[in-house]
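# Commentary on secondary and tertiary structure
As a plain string of letters, each chain reads:
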Amino acid sequence: MKTENLKDRAILFEQKIARDEKIEPKDWMPEKYRKTHIRQISQHAHSEIVGMLPEGNWITRAPSMRRKVALLAKVQDEAGHGLYLYSACETLGVTREELYAQLHEGTAKYSSIFNYPTLTWADIGAIGWLVDGAAIINQVPLCTTSYGPYARAMVRVCKEESFHQRQGYEIMTILANGTKVQKEMAQDALNRWWWPSLMMFGPTDAESVHTAQSMQWKLKRKTNDALRQQFVDQTVPQADILDLQIPDPALKWNPERKQYDFGPIDWEEFWQVVKGHGPCNQERITARVKAWEEGEWVRDAAVAYADKQSDATLQKAI
Ligand code: FAQ
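Below or above, wherever it landed, is the structure these notes cover.

Another aspect to go through is the overall build of the chain. Counting secondary structure elements, the chain contains 12 helices and 2 strands. Walking the chain from its N terminus toward its C terminus, one meets helices and strands in the order α-α-α-α-α-α-α-α-α-β-β-α-α-α. Expected size for 318 residues packed as a compact globule is a radius of gyration near 20 Å; at 22 Å, the chain falls within 12% of this value. Here the chain holds 318 residues, and the buried ones make up 47% of them. Total accessible area on the chain stands at roughly 16600 Å², and carbon and sulfur atoms take up 58% of it. One way to put it: in the chain the 40 positive side-chain charges average out to a point 4 Å from where the 42 negative ones average out.

This brings us to the site of the ligand. Around the ligand sit 36 residues, and of these K109, S208, H210, K220 and N224 come closest. Within the contact set of the ligand, a nitrogen atom lies 3.2 Å away from a backbone nitrogen or oxygen of M200. Relative to its unbound accessible area of 1100 Å², the ligand is 92% covered by the protein chains. Listed by contribution, the elements that provide at least two residues to the shell around the ligand are α2 (31-56), α3 (65-90), α5 (122-139), α6 (148-176) and α10 (267-277). The leading source of residues in the shell around the ligand is α2, at 8 residues. Among the residues making up the shell around the ligand, the classes are represented as 14 nonpolar, 13 polar and 9 charged.

On to the nonpolar core. Within the largest apolar cluster, 73 residues are counted, with the highest numbers of intra-cluster contacts made by W193 and W194. The contact partners of W193, leaving out residues within four places of it in the chain, are I113, Y116, P117, T118, D123, A126, I127, L130 and V131.

Mapped onto the elements of the fold, S112 is located in the loop between α4 (96-105) and α5. Since its relative accessible area comes to 7%, S112 is described here as buried.

As enumerated under the stated definition, the model contains 22 salt bridges in all. Among the ionic pairs, R257 bridges to D261, the shortest N-O distance being 2.7 Å. For R257, a relative accessible area of 38% gives the class partly exposed. Between E294 and K290 there is a salt bridge whose closest N-O contact spans 3.4 Å. In this pair, E294 and K290 are both assigned in helix α11 (residues 281-294), 4 residues apart and thus about one turn of the helix distant. One continuous salt-bridge network, built from bridges that share partners, spans E55, K74, E78 and D132.

So, how was this worked out
Residues numbered from 1 in each chain as written. Predicted model: local features only at pLDDT ≥ 70, side-chain atom pairs only at ≥ 80, totals over all residues. Heavy atoms only, no water. Helix = DSSP H or I, 4+ residues; strand = E, 2+ residues; numbered from the N terminus. Rg over C-alpha atoms; globule rule 2.2 N^0.38 Å. Buried < 20%, exposed > 50% of the residue type's maximum accessible area, 1.4 Å probe, protein only. Areas by Shrake-Rupley, 256 points an atom, 1.4 Å probe, with all protein chains shown as cover. Lys, Arg positive; Asp, Glu negative; His and termini not counted. Charge placed at Lys NZ, Arg CZ, Asp CG, Glu CD. Near = heavy atom within 4 Å. Polar contact = N/O pair within 3.5 Å; in protein donor to acceptor, adjacent residues only side chain to side chain. Nonpolar A, V, L, I, M, F, W, Y, C, P; charged D, E, K, R; others polar. Core = buried A, V, L, I, M, F, W, Y, C linked by side-chain atoms within 4.5 Å. Contact = heavy atoms within 4.5 Å. Salt bridge = Lys/Arg side-chain N within 4 Å of Asp/Glu carboxyl O.

Dropping the structure here:
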């Protein structure tokens, strides 16, 4: 492409971003914009798919038929979110096979939160309440992100996440108002999921390598720290209603800032988990690779059927 032409396109692109217009797959975009979106959208897709595993583990052990149905629906929703997101990512010129390969080889990341184990039924409540709660806070701003297919996928995802959050909070409410043992289970789950939930928002703004550029492109609408603070401010009153204690002795309302102050996050633990050394990283990837390998016959059958259909259409046309 001629330099002049390229310059014009870059100006048009910047103008569209400034006017809050969506960038669509066929529009010209800087290569770095395309690659950054492939990175974030695919990591988001992988998180949804890997995120099915800790909860899937409890489908057969849900305490009632109603709980089983709700959990099944939630896990299926997460599969759907992964599929929308992989489709959105493919519009940027990458194949699904390439994306899966990156996940299986460990070259693509997925959210740190899904590398923690689900030890009791209360963990399913805590995931819905805290993890989906954090996901909503992170993803509502993404409904207005600059890349059209990602923004549109996020609208439905957020609506479904909101149902997930409520089913989690309902589980916590029942347990917190139940027997002494049930309340202890709820408190124990909160103790184990609180800090990893804060880590979901990513490193501090000072440490985040992508935030500045992503904010400029309106891929991210709020910074990691701003979203984390919003989560704390929203969640503490919910814990108070449950009469559960947030496991942070430094947590305190700051009347001047009109926000909660909270204690230091263990960033060493966060990076260990991100680098593959969390409690369940190996187990999660092994499960995904196994599912991919065992699904080979389904993919082959689908391709064979599609080939047969197109042969038949061709025959008819002749
Ligand atoms: N885990 O410069 P930043 C869900 C990486 S979906 C692992 O701040 P960025 C639904 C980051 O990739 C949950 N890695 O990066 C559900 C980068 O590494 P790279 C997923 C993390 O992209 C609920 C490096 O650190 N949500 O929960 C994490 O600007 C219940 C530097 O970080 C999304 O993906 C982390 N927590 O900001 C399912 C939302 N944080 O790529 C089942 C969309 C950071 O250079 C059950 N994504 N890293 O190698 C985002 O908003 C952003 O990508 C952030 C990170 C905020 C996650």
